[in-house]
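Next come the chains, spelled out residue by residue.
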Amino acid sequence: MKTFNHTKSEHGEDFAPAKPVTRTFYDHTNAINDLDFHPVVPVLISSSKDCTIKFYDHSQNSVKRAFKHVQDTHNIRSINFHPSGEYILSGTEHPVIRLYDINNLTQPYTSSRPQDHHLGPINQVRYAPEGNIFVSCSKDGSIKLWDAVSHRVINTIQKAHNGAEPTSVQFSANQKYLLSGGKDATIRLWELTTGRQLQHIITGSHWKHRLQVAFTWNEDFILSSDENGYAGVVWDTRSGDLVQRLTGHTNVVLWTASSPVENSIITCSNDHRARFWVAEPVGQ
């Protein structure tokens, strides 16, 4: 059994000294909603309430501005690169999902079938690891599974969180399962082929902020946040049991993410801190 421990300073505080900022980018004129790294080249994209997607070259220390951007007419709430890096999904306040070819950012592709579209703003869009399918969740309460080639809906889970907003979604590495978190304060695990719910975890009250959920790198655990307790939370994927509360923040934890290659995670909070946690054997 391992626990996630935050690095302690030499004086024994429950947090390490602040790390220096290595790069800061400026260009948005309103709050930033989502970020994603290109899977191949050193490019970071960001989406914002200013209705733009900005592209930054993070290999150049002196570069602080975007080298290109996409202009939309709506608040861009979620973005995600295709695993090839050739396409970008964009979910906005508008119910229609946009697909951009990075070589032609002026004309997004949208599904021509009205019955496929959500009925409300998009909360999150995410590609599967192989890039052949993607998932979206919306304020309309539904989760939709899409064919990434035809851009048509394969399956819709209506009222996935009992009518509350599903706010985050993630595929498992083998693409057999889907993880979702919602404003009903629950985490749910779904079987993709049938749409059957396999796991249901009640996290407590979580009404104001989105419930961001994620698998750890080996998918043994699920990460979430506790809106009232100012903590990240680790759950056992198979049993749904609470494993650990990651305490130390002094305000709401807004985001949790896991390293894709090692047993470490990061939590980000309204206390203006990001905390890095590493799994260690109990008693170490």
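Our subject in this report is the structure included herewith. (Residues numbered from 1 in each chain as written. Predicted model: local features only at pLDDT ≥ 70, side-chain atom pairs only at ≥ 80, totals over all residues. Heavy atoms only, no water.)

## Let's talk about the overall build of the chain
How we decide: Numbering of helices and strands starts at the N terminus; helices are DSSP runs of H or I of at least 4 residues and strands are runs of E of at least 2. Both definitions apply: the radius of gyration is a C-alpha atom measure, and the globule rule equals 2.2 Å times residues to the power 0.38. Any pair of residues with heavy atoms lying within 4.5 Å of one another is described as a contacting pair. Methods summary: accessible areas were calculated by the Shrake-Rupley approach with a probe of 1.4 Å, and residue burial reflects only the protein chains presented. In this count, Lys and Arg are taken as positive residues and Asp and Glu as negative ones, while His and the chain termini are left out. Where a charge lies is defined by one atom per residue type, namely NZ (Lys), CZ (Arg), CG (Asp) and CD (Glu).
A count of helical and extended segments in the chain gives zero helices and 24 strands. The C-alpha atoms of the chain give a radius of gyration of 19 Å, which matches the 19 Å a tight globule of 284 residues would have. Reported as C-alpha extents along the three principal axes, the dimensions of the chain are approximately 60 × 50 × 30 Å. For the chain, the share of sequence-separated contacts (at least 6 apart) that also reach a separation of at least 24 residues comes to 42%. Entry remark: accessible area of the chain is about 14,000 Å², with carbon and sulfur atoms responsible for 51%. Side chains of the chain give 27 positive and 28 negative charges; the mean places of these two sets differ by 4 Å.

## Here we look at the nonpolar core
How we decide: Buried Ala, Val, Leu, Ile, Met, Phe, Trp, Tyr and Cys residues form a nonpolar core when they are joined through side-chain atoms within 4.5 Å. When a residue's accessible area, from a 1.4 Å probe over protein chains only, is under 20% of the maximum for its type it is buried; when over 50% it is exposed; and in between it is partly exposed.
Counting 13 residues, the largest nonpolar core has Ile143, Phe171 and Leu178 as its most contacted members. A total of three residues in this core trace back to one element, the largest contributor, which is strand β11 (residues 133-138). Ranked by size, the runner-up nonpolar core spans 11 residues in total, among them Val43, Phe81, Ile88 and Leu105.

## Quick look at the state of the cysteines
What counts, and what does not: The criterion for a disulfide is a pair of cysteine sulfur atoms lying within 2.5 Å.
This structure, assessed with the given rule, holds zero disulfides. Note on Cys51: no disulfide assigned, nearest cysteine sulfur contributed by Cys137 at a separation of 20 Å. For Cys51, a relative accessible area of 16% translates into the label buried. In this structure Cys137 is not part of a disulfide, and its nearest cysteine sulfur, from Cys268, lies 19 Å away.

## With respect to the sheet that holds strand β16 (residues 186-191)
Convention followed: We treat two strands as partners when DSSP finds at least two bridges between them. The angle between two axes is taken between their N-to-C directions and runs from 0 to 180 degrees, where each axis is a line fitted to C-alpha atoms and a helix contributes only its stretch in contact.
One open sheet holds the four strands; their spatial order is β14-β15-β16-β17, and the pairing between them is antiparallel. The open sheet has two edge strands with one neighbour each: β14 (166-171) and β17 (197-202). Here the average twist between neighbouring strands, direction ignored, is 15°.

## Quick word on the environment of Thr92
Where we set the bar: Each polar contact in these results corresponds to two N or O atoms within 3.5 Å; when the atoms are within protein, one needs to be able to donate a hydrogen and the other to accept it, and residues that are neighboring in sequence are counted only if both atoms are side-chain atoms.
By the secondary structure assignment, Thr92 is in strand β7 (residues 87-92). Spatially, the C-alpha atom of Thr92 lies 7.7 Å from that of Asn123, the residues being 31 residues apart in sequence. Those residues in contact with Thr92 that sit more than four places away from it in its chain are Asp72, His74, Asn75, Ile76, Arg77, Arg98, Pro121 and Ile122. Reaching out from Thr92, the side chain makes a polar contact with the backbone nitrogen of His94 at a distance of 2.9 Å.

## As for unusual backbone geometry
One non-glycine residue, Glu219, lies in positive phi territory at about 65°. Tracing the chain through its elements places Glu219 in the loop between β18 (214-215) and β19 (221-226). With a phi close to 70°, His272 is a non-glycine residue in the positive phi region. With respect to the element layout, His272 can be found in the loop between β23 (264-269) and β24 (274-281).

## Notes on the packing of aromatic side chains
Our working definition: Each Phe, Tyr or Trp ring, with Trp reduced to its six-membered ring, pairs with another whose centre is within 6.5 Å; inter-plane angles below 30 degrees give stacked pairs, above 60 give edge-to-face pairs, and intermediate values give tilted ones. Ring-over charges, as used throughout, are those where CZ of Arg or NZ of Lys falls within 6 Å of the ring centre and within 35 degrees of the ring normal.
Within the structure shown, the criterion is met by four aromatic pairs. For the ring pair Phe134 and Trp146, a centre distance of 5.4 Å and an interplane angle of 10° mean the geometry is stacked. Of this pair, Phe134 sits in strand β11 while Trp146 is found in strand β12 (residues 143-147), placing the two residues 12 residues apart along the sequence. Per residue, the accessibility class of Phe134 equals that of Trp146, and both read buried. These aromatic residues form a ring-pair network of at least three members: Tyr127, Phe134 and Trp146. It is Lys68 that lies over the ring of Phe55; its NZ or CZ is 5.1 Å from the centre.

## Observations concerning the pattern of salt bridges
Here is the rule we go by: Here, a salt bridge means any Lys or Arg side-chain nitrogen found within 4 Å of an Asp or Glu carboxyl oxygen.
Under the criterion given, the structure shown has nine salt bridges. Arg245 is paired through a salt bridge with Asp226; the nearest N and O atoms lie 2.8 Å apart. Of this pair, Arg245 sits in strand β21 (residues 242-246) while Asp226 sits in strand β19, and the two are 19 residues apart along the sequence.

## Side note on the side chain of Ser142
In this fold, Ser142 is placed in the loop between β11 and β12. Look at Ser142 and you get buried, because its relative accessible area is 1%. Polar side-chain contacts of Ser142 include one of 2.7 Å to the side chain of Asp140. Excluding residues that lie within four positions of it along the chain, Ser142 makes contacts with His118, Ser136, Cys137, Thr156, Ile157, Gln158, Lys159 and Pro166.

Distances and angles like these do not, on their own, reveal function.
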